[in-house]
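An overview of the molecular structure
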Amino acid sequence: MAIENILMPQLGESVTEGTIEKWLVKPGDTVTKYDPLAEVNTDKVTAEVPSSFTGVIKELVAKEGETLEVGAIVCVIEVEGESEQTAPVEVNETVSTEAPVETPKQSSTAIKREKGPAAGRFSPAVLRMAQDNDIDLTLVEGTGRDGRITRKDLQTLIDNGTIPTASSTPVAKVEESQQAPQVVKEQVTSSVPFATGDIEIPVTGVRRAIASNMLKSKHEAPHAWMMVEVDVTALVSYRDSLKKDFKQKEGFNLTYFAFFVKAVALALKEFPMMNSMWAGDKIIQKKDINISIAVATDDSLFVPVIPSADEKSIKGIGREINELASKVRSGKLKSSEMQGGTFTVNNTGSFGSVQSMGIINHPQAAILQVESIVKRPVIMEGNMIAVRDMVNLCLSLDHRVLDGLVCGQFLARVKEILENVSAENTSVY
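**Re the sheet that holds strand S6 (residues 55–60)**
On the basis of which strands lie adjacent, the open sheet formed by 4 strands has the order S1-S8-S6-S3 and antiparallel pairing. Either end of the sheet is taken by a strand with one partner, and the two such strands are strand S1 (2–7) and strand S3 (30–31).

**Examining the nonpolar core**
Side chains of a nonpolar character, in soluble globular proteins, are inclined to be buried together. The biggest cluster of nonpolar side chains holds 58 residues, and the ones touching the most others in it are Met-274, Ile-291, Phe-343 and Phe-410. Looking at this core, the element that brings in the most residues is helix H7 (residues 256–270), giving 10 residues. Among all residues touching Ile-291, those that are not within four sequence positions of it are Val-261, Val-264, Leu-268, Pro-304, Val-305, Ile-306, Ala-309, Phe-343 and Val-345. Judged by nonpolar contacts, the second largest core, of 21 residues, contains Ala-2, Ile-6, Leu-11 and Leu-37.

**Some thoughts on the pattern of salt bridges**
A side chain of one charge can pair with a side chain of the opposite charge if their charged atoms are brought near each other. Per the counting criterion, the structure on display carries 16 salt bridges. Residues Glu-337 and Lys-327 are paired through a salt bridge, measuring 2.6 Å at the closest nitrogen-oxygen approach. Placement of the pair is Glu-337 in the loop between helix H8 (314–330) and strand S16 (343–346) and Lys-327 in helix H8, with a sequence separation of 10 residues. For Glu-337, a relative accessible area of 17% corresponds to the buried category. Three or more residues are tied together by salt bridges with common partners; here these are Glu-250, Lys-315 and Arg-319.

**Things to note about the sheet that holds strand S2 (residues 17–23)**
Spatially, 4 strands are ordered S5-S4-S2-S7 in an open sheet, and the strand pairing comes out antiparallel. This sheet does not close on itself; its edge strands, each paired only once, are strand S5 (46–50) and strand S7 (67–69). Each strand axis lies, on average, 45° off the axis of its neighbour in the sheet, ignoring direction. Where S2 lies against S7, 3 bridges are found, and the strand directions are antiparallel. In the strand pairing of S7, Gly-18 is matched with Leu-68.

**Comments concerning a nonpolar patch on the surface**
A surface patch of nonpolar side chains, amounting to about 270 Å² of accessible area, comprises Trp-225, Met-227 and Met-357. Tracing the sequence through the fold places Trp-225 in strand S9 (residues 223–231).

**Some words on unusual backbone geometry**
Omega for the bond connecting His-362 with Pro-363 falls within 30 degrees of zero, at 5°, which places this linkage in the cis form. Despite not being glycine, Ser-308 has its phi angle at roughly 50°, a positive value. Take Ser-308: it is sitting in the loop between strand S15 (305–306) and H8. Backbone geometry at Asn-383 places phi at a positive 60°, although glycine is not the residue there. Relative to the elements of secondary structure, Asn-383 occurs in the loop between strand S18 (374–379) and strand S19 (385–398). For Asn-383, a relative accessible area of 69% gives the class exposed.

**Re H8**
An ideal rise of 1.5 Å per residue puts 24 Å on 17 residues; H8 measures up with 24 Å between its terminal C-alpha atoms. For H8, every residue scored as buried is listed here: Ile-314, Ile-317, Gly-318, Glu-320, Ile-321, Leu-324, Ala-325 and Val-328. Down the axis, H8 shows its buried residues gathered within 165° of arc, on one side only. Of the surrounding elements, those touching the buried residues of H8 are H7, strand S12 (291–293), strand S13 (295–296), strand S14 (301–302) and S15. Gly-331, located one to two residues past H8, shows a positive phi value of around 75°.

The rules we used
Residue positions within a chain follow its written sequence, with the count starting from 1. Local features are withheld for residues below a pLDDT of 70 in this predicted model, meaning they are given only at 70 or higher, and side-chain atom pairs are given and counted only at 80 or more; totals for whole chains, interfaces and linings count all residues. Only hydrogens and water are removed before side-chain values are computed, so all heavy atoms of the structure are retained for them. Here, any two strands with at least 2 DSSP bridges between them count as paired. Note on conventions: DSSP H or I runs of at least 4 residues are helices, E runs of at least 2 residues are strands, and numbering of each starts at the N terminus. Throughout this description, the term nonpolar core refers to a set of buried Ala, Val, Leu, Ile, Met, Phe, Trp, Tyr and Cys residues connected via side-chain atoms within 4.5 Å. Each residue gets one of three labels from its accessible area relative to the maximum for its type: buried under 20%, exposed over 50%, partly exposed in between, using a 1.4 Å probe on protein chains only. Two residues form a contact once any of their heavy atoms are found within 4.5 Å. Whenever a carboxyl oxygen of Asp or Glu lies within 4 Å of a side-chain nitrogen of Lys or Arg, that contact is scored as a salt bridge. Between N-to-C directions, angles cover 0 to 180 degrees, with each direction set by a line fitted to C-alpha atoms, over the stretch in contact for helices. Each patch is built from residues lacking any salt bridge and having more than 30% relative accessible area; the joining distance is 9 Å for like charges and 5 Å for nonpolar side chains (Val, Leu, Ile, Met, Phe, Trp, Tyr). Method for areas: the Shrake-Rupley scheme with a 1.4 Å probe, in which residue coverage is limited to the protein chains shown. Each helix should span, by expectation, one fewer than its residue count multiplied by 1.5 Å. Taken from the helix axis, the directions to the C-beta atoms give the arc we talk about.

In structure tokens:
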């Protein structure tokens, strides 16, 4: 028999760590290769960690709620045959040899470790968190690979009230801070009025990831906003004339949203700057037009991607919207189906909104909110008043990347495309 380590996988581009939300196995369980072992949350996706081997679970190294970097050991499995590893560190050269021993013994406070070669290198997330909470990183003991300080390390210090600053000593010993979590909890709770009958709702890993990503977007990107009104009377008439036969033929509904996504994709081809991302010292203008769409469940928000939307017909886009939404609500959406988005279109009109300002889906440069289609009196040519189907399109933009001129031109083009949809000049196939 041999002992193998299961590592935290790379769950998406730029993802550096994940949080164990829930274990699906326990020590002593027999698993086969590719069986799901745990549910993991990152700032981009919720996914499952698959087993790399067939064998028996010996130890769950990571605890539920614990955040680990990619490549860190999450559990240990016993398999038949000789191990290909001479030591746990050979699974990943950057994994500390202390991790298999100390990780399962971690208490609610930081445990002192030897500083590794990565002890002086900090991720942008760690730097922001330290700055926001006045933490002196030179006084923090990192528990990540090679001594790297992780967000989990800083959150532990914050939760325990043992934040080291330039005028303080390093992290308090475990035995000196046993009461800290309770004190901090009381302080936080007392800052929010709580009356009899109020309900405390625990923050899930998915909700925490959403909050983190939204906060990051608002902190980093200077948001600006604009809106246009669009007369979609002809579009509504055209779609309504097709929807019954379309459903019978194709097996899914032809929605208004598919027309909007197609119009946005076409306009992005003409205004490629809208399809860009901020990259610190440069702006990356993306070649592919991959439209992210927001799909909400009761307590979460997922943003699956329609790749190469400009190359798809309205029917093709409608099919992908239907399939992606079904996967989200059935819990079958893959992490790969949430990667690579370049521009987000959000169907806020589906729940009755008529005007809203979306938070940009980092690192994209803009998000377009499609509001409810409502009937309104409109002044037509010759000062005649008519009842028309109108919709507001609300655009949030990253002002580091985009200016009002190009955004105004982009919205005007989307408006023009939508107002000219008709049976004569538009095909859904």
